[in-house]
Amino acid sequence: MENHDILIAELKKLLSGGNAHANFEDAVADMPFNLLGEKPNGLPYSIWQLVEHIRIAQWDMFQFSKDATYKSPKWPDEYWPKEAAPKNEVEWTNCLAQIKQDLTDFIALIESDDIFTEITHGEGQNILREAFQIADHNAYHIAEIVVIRRLLKVWKP
């Protein structure tokens, strides 16, 4: 296996999470729908807001990585939902499905593209940087989801 292939394999593991901490699927598994909007102990975000923020931010980084005409949402207003809870279970399910699909599509991008080439419409970014940013961003917020679940007493490690 050449170094590039090793790097791609490690990036895939990093993006999928779970090496040293809970992955996204574990963090949201069996989450009671009625608790998605709770903000325990004065925390600023609910689990729904964190998950929807992960969806928006990951989608933004993926679109930026592949589309020169893409325009990012306005920071921070369009990266965070105002509602504490999803409207219904369909919105929750669709959000989870989009996070999974966008991550799958981004992983396909890193497998097929030169991850070191500068993104022409960026400011020095490349696909490798975007992969690290997605992994770092998601891990940060996944940890917050786990903390909220512990505070709500619905975390089963």
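Residues numbered from 1 in each chain as written. Predicted model: local features only at pLDDT ≥ 70, side-chain atom pairs only at ≥ 80, totals over all residues. Heavy atoms only, no water.

Moving on to the overall build of the protein chain. For the protein chain, the count of helices and strands is five helices and zero strands. Reading the helices (α) and strands (β) of the protein chain from amino to carboxyl end gives α-α-α-α-α. For 157 residues, the compact-globule formula gives about 15 Å, and the C-alpha radius of gyration of the protein chain, at 16 Å, lands near that figure. Each principal axis of the C-alpha distribution contributes one length, and for the protein chain these read about 45 × 35 × 25 Å. Out of the 157 residues belonging to the protein chain, those deemed buried represent 42%. Put simply, of all contacts in the protein chain between residues at least 6 apart along the chain, 74% involve residues at least 24 apart. Accessible surface for the protein chain amounts to roughly 9000 Å². Of this, 52% is attributable to carbon and sulfur atoms. (Helix = DSSP H or I, 4+ residues; strand = E, 2+ residues; numbered from the N terminus. Rg over C-alpha atoms; globule rule 2.2 N^0.38 Å. Buried < 20%, exposed > 50% of the residue type's maximum accessible area, 1.4 Å probe, protein only. Contact = heavy atoms within 4.5 Å. Areas by Shrake-Rupley, 256 points an atom, 1.4 Å probe, with all protein chains shown as cover.)

As a further point, take helix H3 (residues 47-66). For H3, which comprises 20 residues, the first-to-last C-alpha distance of 29 Å matches the rise-based estimate of 28 Å (1.5 Å per residue) to within 8%. Counting buried positions over the 20 residues of H3 gives 18, a clear majority of the element. (Expected span 1.5 Å × (residues − 1).)

The rolling of a water-molecule-sized probe over the atoms marks out the regions of remaining empty space. Of the voids in this model, the largest pocket is the one considered here, and its volume is about 200 Å³. Residue lining of the largest pocket: 18 residues in total, with Leu15, Ser16, Gly17, Phe24 and Leu103 positioned closest to the centre. Secondary-structure elements contributing two or more residues to the lining of the largest pocket are helix H1 (3-16), helix H2 (24-28), helix H4 (89-112) and helix H5 (127-151). Here the lining of the largest pocket gets five residues from one element, more than from any other, and that element is H4. Classifying every residue of the lining of the largest pocket gives ten nonpolar, six polar and two charged. (1 Å grid on protein atoms, 1.4 Å probe; cavity = no way out; pocket = protein on both sides within 12 Å on 5 of 7 lines; lining within 4 Å. Points joined across faces, edges and corners; volume = space filled by probe spheres on them. Nonpolar A, V, L, I, M, F, W, Y, C, P; charged D, E, K, R; others polar.)

Now for the packing of aromatic side chains. Counted according to the given criterion, the structure contains five aromatic pairs. Ring centres of tyrosine 45 and tryptophan 80 lie 4.0 Å apart, and the angle between their planes is 10°; on these two criteria the pair is classed as stacked. Of the two residues, tyrosine 45 is situated in the loop between H2 and H3 and tryptophan 80 in the loop between H3 and H4; the sequence distance between them amounts to 35 residues. Between the aromatic rings of tryptophan 75 and tyrosine 79, the centroid separation amounts to 5.1 Å while the plane-to-plane angle is 65°, which identifies the pairing as edge-to-face. Tryptophan 75 sits in the exposed class, given a relative accessible area of 56%. Owing to a relative accessible area of 8%, tyrosine 79 belongs among the buried residues under this scheme. (Phe/Tyr/Trp six-rings, centres within 6.5 Å; stacked < 30°, edge-to-face > 60°.)

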